[in-house]
Amino acid sequence: MIRNVLGSLVALAGAASAVLSPFRDWYGGRAGRDYRVGDLFEGITPVESGVLVSILLPFLGAALLVIAGVVLRSRLVVALAGLVVLGFTILWMVRQGQAAGSLVVGGDGAGMRVGVANALAGGVLMLIGALLMSGRRGRRRRAVREREPVEPFAVPAADQVDTWPPTQEPGMSVQTSPWPEPEVDPYTGPDPRDPVHPPYRPPPPQG
């Protein structure tokens, strides 16, 4: 439970970092939302992009995957979201390096900026969150273990009469024979010691 909560918080923090990264500078004073998704596959162009068709789009999809993974407690879904963010960020780095001839990190605004760092950090945090989460495997194993039937006591062999019925008390068992006990007639006649109802005695012969 604690691992799921901690992993979920880390993954959600990574999703927030990834979503906010396109609104910050990525390269040469250009924000991430100005790069089209198509530029990542066709090559970087100076054409400005709309927000809904920019690099923000896959990052929003990754954030939704993280939310779904947290709700479902799925490590695989959260890890997939982290790979999406890292994959698009690395692809952007490759295309930007091809367009600029080199990829540098500069503090004067000419190189990669903090937006790229936010995107990379967001993807890494998602992967860390997926590793921290315990998922639903522990609960599934616990449920299967609870549903396992309890085996009844086996009938012992004939030479082990002391063990049936199962008891922790020492000594002979109540049932010492595998055959049913013979029935006993409950009527035994009047008790000769009973003064109120003495047994019937026939009168002595008169002669």
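Heads up: these notes are all about the structure in this document. Please read these numbers as outputs of a predicted model, since none were measured by experiment.

**A look at the overall build of the protein**
And then number 1: Of regular secondary structure, the protein possesses six helices and two strands.
And then number 2: Element order for the protein, N to C, with α for helix and β for strand: α-β-β-α-α-α-α-α.
And then number 3: Looking at the protein as a whole, 29% of its 207 residues are labelled buried.
And then number 4: Nonlocal contacts in the protein, meaning residues at least 24 apart in sequence, comprise 62% of its contacts between residues at least 6 apart.
And then number 5: Element-wise, carbon and sulfur atoms account for 64% of the exposed surface of the protein, whose accessible area totals about 14,300 Å².

**Describing the pattern of salt bridges**
And then number 1: According to the stated counting rule, one finds one salt bridge in the structure shown.
And then number 2: One salt bridge connects R36 with D39, and the closest N-O pair in it is separated by 2.9 Å.
And then number 3: The class of D39 is buried, set by a relative accessible area of 0%.

**Observations regarding the packing of helix α4 (residues 75-100) against helix α5 (residues 114-132)**
And then number 1: Two elements in contact, α4 and α5, have axes separated by 8 Å at closest approach and are oriented at 155°. When the interaxial angle is binned, α4 and α5 end up roughly antiparallel. Handedness of the α4/α5 crossing: left-handed. Residue-level inspection shows R75, V78, A79, A81, G82, L83, V85, L86, T89, W92 and M93 of α4 in contact with α5, the latter providing V116, A119, L120, G123, V124, M126, L127, A130 and L131.
And then number 2: The class makeup of the residues in the contact of α4 with α5 is 16 nonpolar, three polar and one charged.

**Topic: the environment of N4**
And then number 1: On the secondary structure map, N4 appears in helix α1 (residues 2-20).
And then number 2: Spatially, the C-alpha atoms of N4 and G135 are 6.7 Å apart, while their sequence positions differ by 131 residues.
And then number 3: When neighbours within four sequence positions are excluded, N4 is seen to be in contact with R73, M133, S134 and G135.

**Regarding the packing of aromatic side chains**
And then number 1: Enumeration according to the criterion identifies five aromatic pairs in this entry.
And then number 2: The interplanar angle of 80° and the centroid separation of 5.6 Å between the aromatic rings of Y35 and W92 together place this pair among those described as edge-to-face. Of this pair, Y35 sits in the loop between β2 (30-31) and α2 (39-42) while W92 sits in helix α4; the two residues are 57 residues apart in sequence, bridging distant segments of the chain.
And then number 3: What makes Y35 buried here is its relative accessible area of 2%.
And then number 4: A network of ring pairs unites the aromatic residues W26, Y27, Y35, F59 and W92 as a single cluster.
And then number 5: The side chain of R30 reaches across the aromatic face of Y35, ending 4.3 Å from its centre.

**Here's the deal with the nonpolar core**
And then number 1: Formed by 25 residues in total, the largest nonpolar core has its most connected members in W26, W92 and M126.
And then number 2: When residues in this core are grouped by element, the largest group, five residues, is from helix α3 (residues 56-72).
And then number 3: The residues contacting W92, other than those within four sequence positions of it, are W26, Y27, Y35, L40, I44, I55, M112 and V116.

**A look at a nonpolar patch on the surface**
And then number 1: Together, L12, L64, I67, V71 and L72 make up an exposed nonpolar region whose accessible area comes to about 490 Å².
And then number 2: Among the elements that line the nonpolar patch, the one with the most residues is α3, at four residues.
And then number 3: Positionally, L72 belongs in helix α3.
And then number 4: Residue classification places L72 among the partly exposed residues on the basis of a relative accessible area of 48%.

**Describing α3**
And then number 1: A rise of 1.5 Å per residue sets the reference length of α3, with its 17 residues, at 24 Å; its end C-alpha atoms lie 24 Å apart and thus fit the reference within 8%.
And then number 2: Along α3, the residues that are buried comprise L56, P58, F59, A62, A63, V66 and G69. Within α3, the buried residues cover an arc of 160° as seen down the axis, which keeps them to one side. For α3, the exposed residues lying more than 90 degrees away from the buried face are L64 and V71.
And then number 3: Buried positions along α3 lie against α1, β1 (25-27), α4 and α5.

Cut-offs and rules
- Residues numbered from 1 in each chain as written.
- Predicted model: local features only at pLDDT ≥ 70, side-chain atom pairs only at ≥ 80, totals over all residues.
- Heavy atoms only, no water.
- Helix = DSSP H or I, 4+ residues; strand = E, 2+ residues; numbered from the N terminus.
- Buried < 20%, exposed > 50% of the residue type's maximum accessible area, 1.4 Å probe, protein only.
- Contact = heavy atoms within 4.5 Å.
- Areas by Shrake-Rupley, 256 points an atom, 1.4 Å probe, with all protein chains shown as cover.
- Salt bridge = Lys/Arg side-chain N within 4 Å of Asp/Glu carboxyl O.
- Axes fitted to C-alpha atoms, helices over the stretch in contact; angles between N-to-C directions.
- Parallel < 35°, antiparallel > 145°, perpendicular 65-115°, else oblique.
- Left-handed = near helix turned anticlockwise from the far one by under 90°.
- Nonpolar A, V, L, I, M, F, W, Y, C, P; charged D, E, K, R; others polar.
- Phe/Tyr/Trp six-rings, centres within 6.5 Å; stacked < 30°, edge-to-face > 60°.
- Lys NZ or Arg CZ within 6 Å of the ring centre and 35° of its normal.
- Core = buried A, V, L, I, M, F, W, Y, C linked by side-chain atoms within 4.5 Å.
- Patch = residues over 30% accessible without salt bridge, like charges linked within 9 Å, V, L, I, M, F, W, Y side chains within 5 Å.
- Expected span 1.5 Å × (residues − 1).
- Arc of directions from axis to C-beta.

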